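Coordinate analysis (summary)
Take a look at the letters that make up each chain.
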Amino acid sequence: ADILSLLTPGILPALSPLAPAQTIDLLAPDTSGLVWSGPNSVSWTTSSFIAGDTVRIEWTTGDGSYTELAKNLPYDLETFRWYTSVLPNGLYIVRISKTGSPLISDESAYFFQLSNPVVGKAYFVNDTDLSNDVYCTAVGDDANSGLSPAAPKWNLQSVIDGYALGAGDTVFVDTGNWSLPDRIFLTSSDRGTSTASLNFAGSPNGTVFSGVNLPASRSILHLYGSMYWEWAYFSAQSSPATCIRIQ
């Protein structure tokens, strides 16, 4: 007998509705002839994602291998600041995918060009917890070099003091909370130019500096003669003086 003859007349079995398919669409970079330089924004939209879903962004030069740009980004962030000047100039494609489900993905339909006047260096800082990290693959330690996601320093000031930061450079400070032992202090030696900024990239998941342990006269961030910089995804709390001081 076929299945229809086995059903009680007038009674149909309950069927669970199918969950809508999840999709992700890359909006930028996704234009023919596109040329980017300096900080730009990767943007996307999603469909049927749910609370807790995150996305991963990667780039490739078309050689078949992909390099991670960012992970654990909230799906509804929908835009992410990308500091392109730490990559060599050339042609690139960006791919975005759902974390844990690489088949739910989209990538640039066209190659786009990075054309920066200065190619800078990347530096990395992390706290002692890997939860919700975006850039790093290891916890921070000031004994590390700070020159890769696998060897981040803990204190941002140790990067500022240990390296000659300049135009096109980006310091990636990952998700976490820091009770600062002292202010973050930049001088005229730490600066970008009018065509290539010095960048400090926090995490969209929260990069928080606390001044609870600072002396009463200290600001959390003191920019003394430093110019042509960009800061993104940072927050500060419990500053004993003006949170940001610019001289």
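Attention here is on the structure that accompanies the text. (Residues numbered from 1 in each chain as written. Predicted model: local features only at pLDDT ≥ 70, side-chain atom pairs only at ≥ 80, totals over all residues. Heavy atoms only, no water.)

1. Quick look at the pattern of salt bridges
Here is the rule we go by: Salt bridge, as used here, is a side-chain nitrogen of Lys or Arg placed within 4 Å of a carboxyl oxygen of Asp or Glu. Relative accessibility thresholds used throughout: buried, under 20% of the residue-type maximum; exposed, over 50%; partly exposed, between the two (1.4 Å probe, protein chains only). Helix numbering and strand numbering both begin at the N terminus, where a helix is a DSSP run of H or I of at least 4 residues and a strand a DSSP run of E of at least 2.
Overall, the coordinates contain seven salt bridges when judged by the stated rule. Between R56 and E58 there is a salt bridge, and its shortest N-O distance comes to 3.4 Å. By relative accessible area, R56 is classed as partly exposed at 32%. Among the ionic pairs, E58 bridges to R95, the shortest N-O distance being 3.0 Å. Of this pair, E58 sits in strand β4 (residues 54–60) while R95 is found in strand β7 (residues 90–98), placing the two residues 37 residues apart along the sequence. Its relative accessible area of 24% is what places R95 among the partly exposed residues. Shared partners join several salt bridges into a network, and the residues in it are R56, E58, E68, K71 and R95.

2. Thoughts on unusual backbone geometry
In the segment running from A28 into P29, the intervening peptide bond is cis, with an omega of 5°. By the element assignment, P29 lies in the loop between β1 (23–28) and β2 (35–36). A positive phi angle, close to 65°, is found at E78, a residue other than glycine. As for its position among the elements, E78 is in the loop between β5 (67–74) and β6 (79–83). Backbone geometry places S238, a non-glycine residue, at a positive phi of 55°. Tracing the chain through its elements places S238 in the loop between β18 (234–237) and β19 (244–246).

3. What about the environment of S226?
To keep things clear, this is the line we draw: Note on contacts: a residue pair is in contact if any heavy atoms of the two residues lie within 4.5 Å. We call two N or O atoms a polar contact when they sit within 3.5 Å, provided that within protein one can donate a hydrogen and the other can accept it, with sequence-adjacent residues counted only if both atoms are side-chain atoms.
Its place among the elements puts S226 in the loop between β16 (221–223) and β17 (229–232). Measuring from C-alpha to C-alpha, the distance between S226 and G192 comes to 8.2 Å, with 34 residues separating the pair along the chain. For S226, the residues in contact, after removing those within four places along its chain, are L186, T187, S188, D190 and R191. Of the polar contacts made by the side chain of S226, one reaches the backbone oxygen of D190; its length is 2.4 Å.

4. Notes on the nonpolar core
Put simply, the test is: Definition used in this section: a nonpolar core is a set of buried Ala, Val, Leu, Ile, Met, Phe, Trp, Tyr and Cys residues joined via side-chain atoms within 4.5 Å.
If you look at the biggest cluster of nonpolar residues, it comprises 31 residues, and the most contacted ones within it are W44, V55, I57, L73, F80, W82 and Y135. Leave out the neighbours within four places in its chain, and Y135 touches L69, K71, F80, F124, P149, F172, V173, D174, A201, G202, S203 and P204. Among the nonpolar cores identified, the runner-up in size contains 19 residues, and V173, I184, L198 and L223 belong to it.

5. Here we look at the sheet that holds strand β11 (residues 170–173)
For clarity, the threshold we go by: Two strands qualify as a pair provided that DSSP identifies no fewer than 2 bridges between them. Only the stretch in contact is used when a helix axis is fitted, and all axes are lines through C-alpha atoms; the angle between N-to-C directions ranges over 0 to 180 degrees.
Here we have four strands laid out as an open sheet, ordered β10-β11-β14-β17, and parallel in their pairing. Single-partner strands in this sheet number two, and they are β10 (122–125) and β17. With direction set aside, neighbouring strand axes in the sheet form an average angle of 15°. Across three bridges, the pairing between β11 and strand β14 (residues 198–201) is parallel. Bridge pairing in β14 links F172 to A201.

6. Some points on the packing of aromatic side chains
The cut-off we apply is this: Paired rings are identified among Phe, Tyr and Trp, the last through its six-membered ring, by centres lying within 6.5 Å, and are further divided according to the angle between planes into stacked (under 30 degrees), edge-to-face (over 60) and tilted (the rest). In this scheme, the term charge over a ring applies when either NZ of a lysine or CZ of an arginine sits within 6 Å of the ring centre and within 35 degrees of the ring normal.
Enumeration over the complete set of coordinates arrives at 16 aromatic pairs. Measuring from ring centre to ring centre gives 5.5 Å for F49 and Y75, while their planes differ by 40°; the resulting arrangement is tilted. On the criterion of sequence distance, the pair formed by F49 in the loop between β3 (39–47) and β4 and Y75 in the loop between β5 and β6 is long-range, its members being 26 residues apart. Each member of the pair, F49 as well as Y75, is classed as buried. Within the aromatic cluster, the residues linked to one another by ring pairs are W36, W59, W82, Y92 and F112. A cation sits over an aromatic face here: R95 above Y66, 3.6 Å from the ring centre. Here K98 stacks its cationic end above the ring of F49, 5.8 Å away from the centre of that ring.

Keep in mind these values describe shape, not function.
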